[in-house]
Amino acid sequence: MKKLLNITLFTLLLVALLAITGCSNDEADATSDQNNSSEENNAANENEESNENDEVVELGGKLVVYSSRNEKFTQDLLDKFEAETGVEVVALHGAEPLQLLEEARNVQADVFISNDLGALGFLHGQGILAGANPEGIETIPAQFRADDNAYFAISTRARGFIYNKDLISEEELPTGNEDLFDVKWSEVPGGYAITRGGNGGMTGHVSALRYAWGDEKTSEWIAAIKENAAGIYQGHGDIRQAVGNGEHAFGLVNNYYFHQQLLEENNNVGFIYLDQEDGEMGAIANAAGVGLVAGGPNEANALAFLEWVLLPENQVAFVGTSLELLINSEYGAEYPEEVAPHVVNFSDLQVQDMPLGELGNYFEGTKELIERSGLDLELR
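Here the residue numbers are simple positions, counted from 1 along each chain's written sequence. Residue-level local features of this predicted model are given only where pLDDT is at least 70; pairs of side-chain atoms are given and counted only at 80 or more, and the full residue set underlies all totals for whole chains, interfaces and linings. Note that water and hydrogens are dropped before the side-chain values are worked out from all heavy atoms of the structure.

Draft legend 1. Main features of the packing of aromatic side chains. By convention, a stacked pair of Phe, Tyr or Trp rings (six-membered ring in the case of Trp) has centres within 6.5 Å and planes under 30 degrees apart, an edge-to-face pair has planes over 60 apart, and any other such pair is tilted. Across all of its chains, the model carries 14 aromatic pairs by this definition. When the ring of Tyr211 is compared with that of Tyr362, the centres are 6.1 Å apart and the planes differ by 75°; the resulting orientation is edge-to-face. Of this pair, Tyr211 sits in helix H5 (residues 200-213) while Tyr362 sits in helix H11 (residues 359-373), placing them 151 residues apart in sequence. Each member of the aromatic cluster is reached from another via a ring pair, and the members are Phe161, Trp185, Tyr192 and Phe250. Put simply, a charge is over a ring when the Lys NZ or the Arg CZ is close to the ring centre, within 6 Å, and near the line of the ring normal, within 35 degrees. The aromatic ring of Trp213 is capped on one face by Lys217, whose charged end is 4.5 Å from the ring centroid. The helix count covers DSSP runs of H or I at least four residues long, the strand count covers runs of E at least two residues long, and both are numbered beginning at the N terminus.

Structure below.
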């Protein structure tokens, strides 16, 4: 009997212990499930927050672009930006830098595109352009952008003579700026052609001469070309066509106008870069670029545009049909087969030692010097 009681008590004790152990395991499992559920929820929340942070913000609204470049050189680029971002681009082509100055108290533009780095530098000095730090700005060498990145260049060009091979040979051409002091160049078949002084390329050219020669000699040069040139045209496109048609022996243009003329029917033309001999000043260079307008109505879209245009494929697109030279030639601008053999990389030229940033400091004085000469107004 006593033995049976002991066995019964032992059995009851064992059952009790098993029950306690089972409860403990259930509690542990419940706690584990709660912890796992909490961790999963935290992870889900973190992923959700991460996804929210990684979400691409879609652009919308407008971007107002003022441009002093020819519309045919810029509109395709602006259309590309509009198509890829959904931002409506409102463009004012033919805008002058002084227009932005006049609108300083009622800012209309977000971005200014210029074919003259001097104009951008001038506007920056007047407080019209605002500093920025767009992604990709490091791809533009320091000498081609403002210290605070308020403006930067994308494409470059250099000055020279386009000439008609049926009227004059390369050996017969003048080779430098100083040669144009001589009246004899007015006596070649058809004479030579220049642009009006208000043209952006001519303004930059005169600024570079002022830097090298000073104002007195530069004024004498302006007087000489005004007197001796057979044709004074509105723009370089007019000159390249006139030379191609045999109306003039040669004309003073930016190199990419020679590239454009190679695509025309009347393209028996050549080109020489000025002042390439040892001891000479080197070719006068300039650049086209973009500036961020201070206080523009669509600042976010303006900054987005700057970063967009800095992408390699869009630096190439910026050159577009103008056929200029890329600052970053390794990005591989594609030129038509008629043009490609004649393209000279900017780095291979002997270029005047004037820092392009200095163009802005000369801009206003150069305009005044040209206007005093009367070259700004006269066409023939």
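Draft legend 2. Inspection of the side chain of Asn228 at higher detail. Assignment of secondary structure puts Asn228 in helix H6 (residues 215-228). Exposure is judged per residue with a 1.4 Å probe applied to protein chains only, and the accessible area is read against the type maximum: over 50% gives exposed, under 20% gives buried, and values in between give partly exposed. Classification of Asn228 by relative accessible area gives buried; the value is 11%.

Draft legend 3. Just the packing of helix H2 (residues 71-85) against helix H10 (residues 312-319), in detail. Axis definition: a line fit to C-alpha positions, over the contact stretch in the case of helices; interaxial angles, taken between N-to-C directions, run 0 to 180 degrees. Axis separation between H2 and H10 bottoms out at 8 Å; the angle between their running directions is 150°. As judged from the angle between their axes, H2 and H10 are roughly antiparallel. Contact residues: Phe73, Leu77, Lys80 and Glu84 in H2; Glu313, Asn314, Ala317 and Phe318 in H10. Amino acid classes used here: Ala, Val, Leu, Ile, Met, Phe, Trp, Tyr, Cys and Pro are nonpolar; Asp, Glu, Lys and Arg are charged; the rest, including Gly, are polar. The class makeup of the residues in the contact of H2 with H10 is four nonpolar, one polar and three charged. Orientation labels follow simple angle bins: below 35 degrees gives roughly parallel, above 145 gives roughly antiparallel, 65 to 115 gives roughly perpendicular, and whatever is left gives oblique. In this description, contact between two residues means that some pair of their heavy atoms is separated by no more than 4.5 Å.

Draft legend 4. Structural view of the pairing of strand E5 (residues 192-195). On E5, burial covers both faces: Tyr192 and Ile194 on one face and Ala193 and Thr195 on the other are all buried. Strand pairing requires that DSSP identify at least two bridges connecting the strands. When E5 meets strand E7 (residues 250-254), the two strands line up parallel, connected through two bridges. Looking at the pairing, Tyr192 lines up with Phe250 of E7. Two elements, E5 and strand E6 (residues 231-233), share three bridges in a ladder whose sense is parallel. Across the sheet, Thr195 pairs through a bridge with Tyr233, a residue of E6.

Draft legend 5. A look at the pairing of strand E8 (residues 269-273). Of all five residues in E8, five are buried, a share of seventy percent or more. Residues Val269, Phe271 and Tyr273 line one face of E8 and the alternating positions Gly270 and Ile272 line the opposite face, and both faces are buried. Summarising the sheet, strand E4 (residues 151-164) and E8 pair through five bridges and their orientation is antiparallel. Across the sheet, Asn164 pairs through a bridge with Val269, a residue of E8.

Draft legend 6. Highlighting the packing of H2 against helix H9 (residues 299-310). It is the contact of H2 with H9, at a shortest axis distance of 11 Å, that shows an interaxial angle of 110°. Here H2 lies roughly perpendicular to H9, going by the angle between them. Between H2 and H9 the crossing geometry is right-handed. Note on element contacts: H9 touches H2 through Asn301, Ala304, Phe305, Trp308 and Val309, opposite Leu77, Leu78, Lys80, Phe81 and Glu84. Each residue belonging to the contact of H2 with H9 can be placed in one class, and the counts come to seven nonpolar, one polar and two charged. With the far helix as reference, a near helix turned anticlockwise by less than a right angle produces a left-handed crossing, and one turned clockwise produces a right-handed crossing.

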